[in-house]
Each structure stands twice: as C-alpha cells, then as structure tokens.
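Chain by chain, the residues:
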Amino acid sequence: MTLPDSELPRTEDEWRVRLSPAEFRVLREHGTEPAWTGEYVDTKTPGMYRCRACGAELYPSDTKFDSHCGWPSFDDAIPGAIKEIEDNSLGMSRTEIRCARCDSHLGHVFRGEGFTPKDTRHCVNSLSIRLDPNDV
C-alpha cells in the first residue's frame with residue numbers, strides 16, 4: 001500500500017525509524033545487497049513490485065526477466081516511477097535509479113546488453129522493493 005504524502009518521512013532519522021537497518025542501508029544510503037541473496041532474485045509470482053520505502057508502484061511482474069546477474073532485473077518501469085541519476089562512484093560511470101516519489105535508491109540501470117528486445121536492465125535490490133501479488 002502506498003503511504004499518503006502526509007505520512008512520508010521528511011528526514012533521514014524518520015526513515016531510520018520506518019525501515020530495518022538493512023533496508024535503510026540500501027534505500028537511503030545507496031547500498032547494495034550481496035548478489036544472489038535477495039528474496040526476489042528468482043521470483044516468478046505475478047503482481048506489482050512497489051517501492052519498499054513508500055509503496056509507489058514501480059515494476060509490473062511481466063517486466064521481470066532472468067538476467068543471471070544476482071539481483072532482480074526488469075526491462076521497463078511504470079512511466080514516471082523511476083528517476084535516473086548519474087553515478088560516478090566506484091571509479092566507473094553508471095546510472096543510478098531511484099524511486100521518483102520518495103528518492104529511495106533502487107539500484108542501477110544498464111543499456112546495450114542485449115538481454116531483452118528493449119535492451120534495458122533495471123538491476124534492483126530486493127531490499128528496495130516489495131511484491132504485491134495478484135489475487136488468485
């Protein structure tokens with residue numbers, strides 16, 4: 001469920017209270033969970049992936065694919081749900097992806113790898129998202 005705008009934390013201290021230490025490290029401090037450890041790496045359940053911090057819809061499950069990189073991968077996001085930020089940390093040039101609603105770190109986007117017809121891979125930390133499964 002999406003948090004109402006009035007309930008979105010305004011400070012990092014408020015986020016720290018709402019999130020687990022591991023979630024805070026990834027979502028607010030731009031961390032990365034270890035490869036192959038996230039709960040959604042191999043998930044095939046139909047539904048909607050939402051931002052774990054604010055609940056905003058980010059990725060329909062039909063955009064998820066197996067990239068064998070160790071993190072959940074999506075080839076497209078809901079229009080306007082993600083913002084891209086240039087990331088020159090770690091001595092390389094990458095594109096960070098964040099939730100457009102709450103500015104939480106999701107992972108990175110890579111283009112030109114040829115995994116899907118859209119040629120895009122959103123490499124997302126499982127700790128950054130939560131699956132809202134479709135009703136059966």
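Residues numbered from 1 in each chain as written. Predicted model: local features only at pLDDT ≥ 70, side-chain atom pairs only at ≥ 80, totals over all residues. Heavy atoms only, no water.

S.K.: Explain the pairing of strand β7 (residues 105–111) here, please?
M.R.: For a regular strand, side chains alternate in direction, first toward one face of the sheet and then toward the other. Of all seven residues in β7, five are buried, a share of seventy percent or more. As paired strands, strand β6 (residues 94–99) and β7 are joined by four bridges and run antiparallel to one another. Residue Arg98 lies in a different strand from β7, and its bridge partner there is His105. Count of turn residues in the β6/β7 antiparallel hairpin: five residues, of which Asp103 carries a positive phi of about 65°. Inspection of the sheet shows β7 paired to strand β8 (residues 120–124) by five bridges, in the antiparallel sense. Paired with His108 across the strands is Cys123, a residue of β8. (Buried < 20%, exposed > 50% of the residue type's maximum accessible area, 1.4 Å probe, protein only. Helix = DSSP H or I, 4+ residues; strand = E, 2+ residues; numbered from the N terminus. Pairing = 2+ DSSP bridges.)

S.K.: I tried to follow the environment of Ala22 on my own but got confused; where do I start?
M.R.: Its location among the elements puts Ala22 in helix α2 (residues 21–27). According to the relative accessible area criterion, Ala22 is partly exposed, its value standing at 35%. Considering only alpha carbons, one finds Ala22 and Thr32, 10 residues apart in sequence, at a separation of 9.6 Å.

S.K.: Is there a simple way to explain the packing of aromatic side chains in this structure?
M.R.: A ring pair, where both rings are aromatic, is described by two values, the distance of the centres and the angle of the planes. Applying the stated rule across the entire model yields four aromatic pairs. Relative to Tyr49, the ring of Tyr40 lies with its centre 5.4 Å away and its plane at 85°, an arrangement referred to as edge-to-face. Note on Tyr40: relative accessible area 7%, which makes it buried. Among the residues examined, Tyr49 registers a relative accessible area of 0% and is labelled buried. For the ring pair Phe65 and Phe115, a centre distance of 6.0 Å and an interplane angle of 40° mean the geometry is tilted. Highlighted residues: Phe65 in strand β3 (residues 64–65) and Phe115 in the loop between β7 and β8, separated in sequence by 50 residues. A residue is classified by how much of its surface remains accessible, and Phe65, at 15% relative accessible area, is buried. With relative accessibility at 42%, the residue Phe115 sits in the partly exposed group. Ring pairs connect the aromatic residues Tyr40, Tyr49, Tyr59 and Phe74, which therefore count as one cluster. (Phe/Tyr/Trp six-rings, centres within 6.5 Å; stacked < 30°, edge-to-face > 60°.)

S.K.: Teacher, can you tell me more about the side chain of Asp75 here?
M.R.: When you line up the elements, Asp75 lands in the loop between β4 (73–74) and β5 (82–87). Contact partners of Asp75, with chain neighbours within four places excluded, come to Thr63, Phe65, Thr116, Lys118, Thr120 and His122. (Contact = heavy atoms within 4.5 Å.)

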